[in-house]
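So the chains spell out like this:
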Amino acid sequence: MADRGFVVSRLPGFTTVALLVFAALYLPILVLVVFSFNGGDSLSQWGGFSFRWFAKAWENDQVKDATIRSLWLALVAAAIATAVATAAALGTTRRKPFNGQTFIYVMINQPLMVPEIVTAVALLIFFAWFKVNLGYQGMGYLVAAHAGFCIPFAYLPIRARLESMDLTLETAAADLYATPWLTFRRVTFPLLLPGIIAGMMLAFVTSLDDVVITLFVKSAGQDTLPTYMLGQIRRQVSTEVYAISTMLLALTVVLLTAFFALTRKRD
């Protein structure tokens, strides 16, 4: 029998270790989801199935404000990040290799490589100057911070989509005297659209779930849903926080499922 080489799944105990890892990762999340439907007041004792805490969270004006602010911030930041990422992906793939291309790629993906706390502190120092000298305390700082942080998350699927696209149709359009803009609008963009949508969804989820950068950049009264939850936990953990976490988890799972469906490679 021919040697098939090293395969990690054939190692002794691989299945057991894999199951333990999955249990460690997802069992706490499962417990949180289950207890978000707890009808009792206890955080650890089951008191019957109920949507009580979801209703309480829905009636909380602070939760509503934080949710609307989070969704608005994530949508705007994701749109800006996707637009910049699309331009960057086109500039680094639809042209001949040039000096500095690797450096540009590294700089675009810098937020993925640098610890998030470092980025947050740098943004705090950077925006503090503007807040002091301009007197502006609005949401613009959060939009700029989230958009910049989300660019690489949108860039990677868009670039991957571009690299997997056949140049035949674009070349044919150029041969038929189509301008670069017309070629992009009629050929490249429709083919690239699934990657753009996937990149935007990934950027949206990243912005929606962010805590560290938001904590360092936001001004008073600009709590997003994750920072509101963190503040509640610091004071007192309630089952209402479980319900909010479950709703955030459900939204994230839906968006990530759609992301993988769009980026799935088809024969």
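Bear in mind the structure is a predicted one, so any value in this text is a computation, not a measurement.

A. Local environment of the packing of helix α6 (residues 116-134) against helix α7 (residues 140-164). Remark: α6 packs on α7, axes separated minimally by 11 Å, with the N-to-C direction vectors making an angle of 145°. Once α6 is placed against α7, the crossing between them reads as right-handed. Here Glu 116, Leu 123, Phe 127, Phe 130 and Lys 131 of α6 lie close against α7, whose contacting residues are Tyr 141, Ala 144, Ala 145 and Phe 149. Within the contact of α6 with α7, the residues separate by chemical class into seven nonpolar, no polar and two charged.

B. Quick peek at the side chain of Thr 86. Along the polypeptide, Thr 86 turns up in helix α3 (residues 61-93). A polar contact is formed between the side chain of Thr 86 and the backbone oxygen of Thr 82, at a distance of 2.7 Å. Contacts of Thr 86, omitting those with residues within four sequence positions, involve Ile 158, Leu 192 and Ile 196.

C. Quick look at helix α1 (residues 14-35). With 22 residues, α1 ought to run about 32 Å at 1.5 Å a step, and its terminal C-alpha atoms sit 31 Å apart, in line with that. If you look at α1, its biggest bend is around 35°, right at Tyr 26, and the proline Pro 28 turns up within four residues after that.

D. Here's a closer look at the UniProt feature "transmembrane region" (unreviewed entry) in the protein chain. Feature annotation in UniProt assigns "transmembrane region" (unreviewed entry) to the following positions: residues 12-37, 71-91, 112-132, 138-158, 191-221 and 241-262. Structurally, residues 112-132 comprises 90% helix and 0% strand, and the distance from its first C-alpha atom to its last is 29 Å.

E. Expanded view of the layout of surface pockets. One number sums up the size of the second largest pocket: a volume of about 300 Å³. As for the second largest pocket, its lining consists of 15 residues, and the residues nearest its centre are Trp 58, Val 63, Thr 67, Leu 225 and Met 247. Sort the elements by how many residues they give to the lining of the second largest pocket and α3 lands first, with six residues. For the lining of the second largest pocket, a count of residues per class yields 12 nonpolar, two polar and one charged.

F. Region of the structure containing the pattern of salt bridges. Evaluation of the coordinates by the stated rule reveals two salt bridges. Residue Arg 159 pairs with Glu 163 through a salt bridge whose shortest N-O separation is 3.0 Å. On the criterion of helical spacing, the pair formed by Arg 159 and Glu 163 is a turn pair, its members being four residues apart in helix α7. The class for Arg 159 is buried, based on a relative accessible area of 17%.

G. Up close: the nonpolar core. In this structure, Ile 158, Ile 213, Val 217, Leu 225, Met 229 and Ile 244 are the most contacted members of the largest nonpolar core, which totals 47 residues. Considering every element that reaches this core, the biggest residue donor is α7, with 12 residues.

H. Just the packing of aromatic side chains, in detail. Scanning all chains against the criterion turns up 15 aromatic pairs. A ring pair is formed by Phe 127 and Tyr 141, whose centres lie 5.3 Å apart and whose planes are at 55°; its orientation type is tilted. Residue Phe 127 is found in helix α6, and its partner Tyr 141 is found in helix α7; the two are separated by 14 residues along the sequence. Under the relative-accessibility criterion, Phe 127 is labelled buried at 9%. Through pairs of rings, three or more aromatic residues link up here, namely Phe 126, Phe 127, Trp 129, Phe 130, Tyr 136 and Tyr 141. For Lys 64, the ring lying beneath its charged end belongs to Trp 58, and the centroid distance is 5.4 Å.

Cut-offs applied
Residues numbered from 1 in each chain as written. Predicted model: local features only at pLDDT ≥ 70, side-chain atom pairs only at ≥ 80, totals over all residues. Heavy atoms only, no water. Axes fitted to C-alpha atoms, helices over the stretch in contact; angles between N-to-C directions. Helix = DSSP H or I, 4+ residues; strand = E, 2+ residues; numbered from the N terminus. Left-handed = near helix turned anticlockwise from the far one by under 90°. Contact = heavy atoms within 4.5 Å. Nonpolar A, V, L, I, M, F, W, Y, C, P; charged D, E, K, R; others polar. Polar contact = N/O pair within 3.5 Å; in protein donor to acceptor, adjacent residues only side chain to side chain. Expected span 1.5 Å × (residues − 1). Bend = angle between axes of the 7 residues up to and from the residue. UniProt positions renumbered as here; feature names shortened; annotations may be inferred. 1 Å grid on protein atoms, 1.4 Å probe; cavity = no way out; pocket = protein on both sides within 12 Å on 5 of 7 lines; lining within 4 Å. Points joined across faces, edges and corners; volume = space filled by probe spheres on them. Salt bridge = Lys/Arg side-chain N within 4 Å of Asp/Glu carboxyl O. Buried < 20%, exposed > 50% of the residue type's maximum accessible area, 1.4 Å probe, protein only. Core = buried A, V, L, I, M, F, W, Y, C linked by side-chain atoms within 4.5 Å. Phe/Tyr/Trp six-rings, centres within 6.5 Å; stacked < 30°, edge-to-face > 60°. Lys NZ or Arg CZ within 6 Å of the ring centre and 35° of its normal.

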